[in-house]
Each structure stands twice: as structure tokens, then as C-alpha cells.
Amino acid sequence: MKKILPVILISAIVCFLSACTQTVEKTVPVKTDISEFLGQWTIDIENGSVGWIEVRQEDDYLDADILWGGGSVLPVSSVFLAKDHVLNIQRSNNVVRKRDEANNPVKTQTVTSWLEITRDGEKIKGILLSPRRNALSIDTTVFEGVKLPPVPPAPDPALIKYGEPEQLFNGKDLTGWKLVNEKQTNGFTVVDGSLVNDPVQKEGEQHVSYGNLRTEKEFSDFNIKYEVNVPTGSNSGVYLRGIYEIQVVDSYGRPLDPHNMGAVYSRITPSVAAEKPAGEWQSLDVTLCDRHITVILNGIKIIDNQPVYGPTGGALHSDVFAPGPIYLQGDHGKVAYRNIVLTPIVK
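In this report, the structure presented in the accompanying data block is examined. Keep in mind that what you see is a predicted model, and the values were worked out from it rather than measured.

**Description of the overall build of the protein**
The helix and strand tally for the protein stands at 1 helix and 23 strands. The buried share among the 347 residues of the protein stands at 41%. A separation of at least 24 residues holds for 58% of the contacts in the protein among residues at least 6 apart in sequence. In the form shown here, the protein has an accessible surface area of approximately 18800 Å², with 53% of it arising from carbon and sulfur atoms.

Printed below as a string of C-alpha cells:
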């Protein structure tokens, strides 16, 4: 009897430990490898706009940049893996709740919106939760994304082959052009051989929603040359393939910035300031090839075959490999274009 008890006791302990192990295996979820979320993603947002997210593993923390619809590429407040399989990205903004008689803020709160992202096969999907300004309710936006492959090496300009140049604007009318959104008002007209946009808002009258103007044709990689005249304080932009905005703005005399004349909006800063004063005609020579952009402003190379990692604010679609139109921003300010010539790249 004395010899049997230890054997029974050991057997019971083994059974108990085995049961515990099975319980742990059933109750403890398998954590998602964070590498599944790392990289750059183009985003299709349910309202039809386009976003972009880059998630990075730094030394001992996660970081990310985000583009959501319009505006610039911006850093986020925080990134972390939640619920073992959901990537949570937060963006915070300070909101002034109260001001004193001198209009100085006396009460400010931080309002945070956040994205909850999961993997769905080779894609990601998720929701954006955005507290309204009064913080009494939350708007929910659905989105999905596709991972971008790395940008290829810069193309050798000497090896690029070009087709026949095409005049996109005939100097007489808007043949070959149409509004991106036909429900908006067209502020573009032809004046003395120039394509002029003048989105006038009349005081005391209802706000007019002016639209962007696009080519009817779509293009792959190309070189495009055009001249532009920007009045004082005005702003526009030329979108390559409908996804990359080359900034058109009165930025003469300003420090270098990714929002200045000739910049790839919020993504690539010109290496030198080459813009002219407002009201003067300026020339741009832009090449888009293999996800790299070169910009020559007024005869000076300000962006030299630099990679562009994703769409800019206001992009028409999220596919960086798909053909797309040239489109001109028409909802910002007065501007004039002329001599718009596109030469396709032959591959």
C-alpha cells in the first residue's frame, strides 16, 4: 500500500498539470505578430476619399504617419497593439472650449480620434472613431487598405523613352476637360488663351462649391510641362495621375517647406527656392516615373528623382499603379494655366 500511494499521487499531479496546460492553451489567445501591420498602406475610405498610413517599429516603440482624405501627412499621437490582434492608432487635437474677453483661451481639452485596424488576409480593414466637437457623440467611418510594395530604385533618366507629346489645353475652350464632380460649379474659363480659375464668393450670398477640373483621358508615367500664374496669396495644385499634387501657391520669399511652390504636397520639400513673385508666369517641368518625381521650376531642378511613398491629400484613388488623369485644383483660389503639354513614357 505504501508503494502504491506515491504512484497514484504522481499520476494525479500529472493529470492536474495537463489539465491546467490545456486550459491555458484554450483561454490565452495567440498574439498577432506586429510585423503584420508594419509598412505603408493605401486606404479607401467609405466616403470615397483616400488615405495612407505608415507604421514603423522604432527602437522600443511603434510610430506612424497618416494621411486622411485631404490635408497633409501628419504624425500620430500613439500606436499600440490592442486586444492582441487590433492595431490602435490615435490622433489628438487641442480644442479651445472657453476664451476670455480678450479672446485668449482659458479652457482647452484634448480630443482624440482613433483607428482600430485588423488584418483581413492580405488587406487591412477598420473603423475610424471621431468624437464630434461637442464630444456628445462619435462619428464612425469604415475603411480598408492594401499594403504598398517598397518603392523601386530610382529610374535612370538617360534610359527613359518618351512617346509623342500631347497638348492638353488648346487655348480656346475646355475640350478634353471636365469637372471631377459634375454637381459642383465650374470656375474655369478661357481668357486670352489661358485657362483661368476664379472661384469668386460674393459677400452676403450662399457659398458656392467650386469643383476641380480633370482631363478626360488618363495616363500612366509621363513628363508634363506647364506655365502657371498665381496672384498674391492664392493657391492651387496640379495632380499627377489624380494622386500626387504638385503644389501651386504664392510662396515667394518663404523658407523651404513641403507646402511651397513646386513641392510634392506635404511629402517632398524643394531643395532650393526657385519661385517667382506672385503675378508672374512661372514654368514647371515635372516627370513621374516608377514612383519617383523630378520637378524643374523656372529652369532650376528643385526635386531630383525623389521617391514618393503614397498619395497626397485630395487624391482621386488609392492605387498608385493605376493610370489617372491630370487634375487642377479649382476650389482654392484664383490661378491661370497655359501651355500644358504631356509626353508619355514608353515602357
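**Topic: the sheet that holds strand S22 (residues 327-328)**
A sheet is described by the order of its strands in space; here 5 strands give the open sequence S12-S15-S22-S17-S18, paired in antiparallel fashion. Of all strands in the sheet, those bounded by a partner on one side alone are strand S12 (177-179) and strand S18 (244-249). Taken together, the 6 bridges between strand S17 (residues 235-240) and S18 define a ladder with antiparallel strand orientation. Among the inter-strand pairings, Tyr 239 is bridged to a residue of S18, identified as Glu 245.

**Overview of the pattern of salt bridges**
According to the stated counting rule, one finds 13 salt bridges in the structure shown. When the shortest N-O distance is used, the salt bridge between Glu 58 and Arg 56 registers 3.3 Å. One salt bridge connects Lys 225 with Asp 285, and the closest N-O pair in it is separated by 3.7 Å. Of this pair, Lys 225 sits in strand S16 (residues 222-229) while Asp 285 sits in strand S19 (residues 281-289), and the two are 60 residues apart along the sequence. Ionic contacts of the salt-bridge type, sharing partners, join the residues Glu 54, Arg 56, Glu 58, Asp 63 and Asp 65 into one network.

**Digging into the environment of Val 320**
Within the fold, Val 320 resides in the loop between strand S21 (300-307) and S22. The spacing of Val 320 and Gly 310 is 10 residues in sequence and 7.1 Å in space, taken between C-alpha atoms. With sequence-adjacent residues up to four places away left out, Val 320 is seen in contact with Thr 42, Leu 148, Arg 241, Ile 243, Tyr 244, Arg 291 and Pro 311.

**A look at the side chain of Asn 197**
Position of Asn 197 among the secondary structure elements: in strand S14 (residues 194-197). On the accessibility criterion, Asn 197 (0% relative accessible area) is buried. Residues in contact with Asn 197, not counting those within four places in the same chain, are Gly 187, Phe 188, Gln 329, Gly 330, Gly 333, Lys 334 and Val 335.

**A closer look at the sheet that holds strand S8 (residues 123-131)**
If you trace the 9 strands from one edge of the open sheet to the other, you get S4-S3-S2-S1-S9-S8-S7-S6-S5, paired in antiparallel fashion. Looking along the sheet, the strands with just one partner apiece sit at the ends: strand S4 (70-75) and strand S5 (78-82). Between one strand axis and the next, the sheet turns through 25° on average, direction left out of account. The pairing of S5 with strand S6 (residues 86-99) spans 5 bridges and is classified as antiparallel.

**Quick notes on the nonpolar core**
Ranked by internal contacts, the top residues of the largest apolar core, which has 46 residues, are Ile 224, Ile 293, Ile 326 and Tyr 337. For Ile 224, the residues in contact, after removing those within four places along its chain, are Leu 168, Leu 240, Leu 284, Asp 285, Val 286, Ile 326, Ile 340, Val 341 and Leu 342. In this structure, Ile 34, Phe 37, Ile 89 and Phe 143 belong to the second largest nonpolar core, which totals 20 residues.

**Digging into the packing of aromatic side chains**
In the structure shown here, the tally under the stated rule is 4 aromatic pairs. Pairing Trp 68 with Phe 143 gives two aromatic rings, centres 5.1 Å apart and planes at 85°, and the pair type is edge-to-face. You can see Trp 68 sitting in strand S3 (residues 62-68) and its partner Phe 143 sitting in strand S9 (residues 138-147), a full 75 residues away along the chain. Using a relative accessible area of 3% as the deciding quantity, one classes Phe 143 as buried. A centroid spacing of 4.0 Å and a plane angle of 5° characterise the contact between Tyr 239 and Tyr 327, whose relative ring orientation is stacked. Highlighted residues: Tyr 239 in strand S17 and Tyr 327 in strand S22, separated in sequence by 88 residues.

**Remarks on a negative patch on the surface**
Together, Asp 44, Asp 120, Glu 144 and Asp 319 line one region of the surface with negative charge. Relative accessible area serves as the criterion here: at 35%, Asp 44 is assigned to the partly exposed category.

**Points about the pairing of strand S20 (residues 292-297)**
Within S20, 5 of the 6 residues are buried, which leaves it mostly tucked inside the rest of the structure. The sheet contact formed by S19 and S20 spans 6 bridges and is antiparallel. Bridging from a neighbouring strand, Cys 289 pairs with His 292 of S20. Here S19 hands over to S20 after 2 residues, with Asp 290 in that stretch at a positive phi of 50°. Between S20 and S21, which pair antiparallel one after the other, the connecting turn spans 2 residues, and Asn 298 there sits at a positive phi close to 55°.

Definitions and cut-offs
- Residues numbered from 1 in each chain as written.
- Predicted model: local features only at pLDDT ≥ 70, side-chain atom pairs only at ≥ 80, totals over all residues.
- Heavy atoms only, no water.
- Helix = DSSP H or I, 4+ residues; strand = E, 2+ residues; numbered from the N terminus.
- Buried < 20%, exposed > 50% of the residue type's maximum accessible area, 1.4 Å probe, protein only.
- Contact = heavy atoms within 4.5 Å.
- Areas by Shrake-Rupley, 256 points an atom, 1.4 Å probe, with all protein chains shown as cover.
- Pairing = 2+ DSSP bridges.
- Salt bridge = Lys/Arg side-chain N within 4 Å of Asp/Glu carboxyl O.
- Axes fitted to C-alpha atoms, helices over the stretch in contact; angles between N-to-C directions.
- Core = buried A, V, L, I, M, F, W, Y, C linked by side-chain atoms within 4.5 Å.
- Phe/Tyr/Trp six-rings, centres within 6.5 Å; stacked < 30°, edge-to-face > 60°.
- Patch = residues over 30% accessible without salt bridge, like charges linked within 9 Å, V, L, I, M, F, W, Y side chains within 5 Å.
- Lys, Arg positive; Asp, Glu negative; His and termini not counted.
- Charge placed at Lys NZ, Arg CZ, Asp CG, Glu CD.

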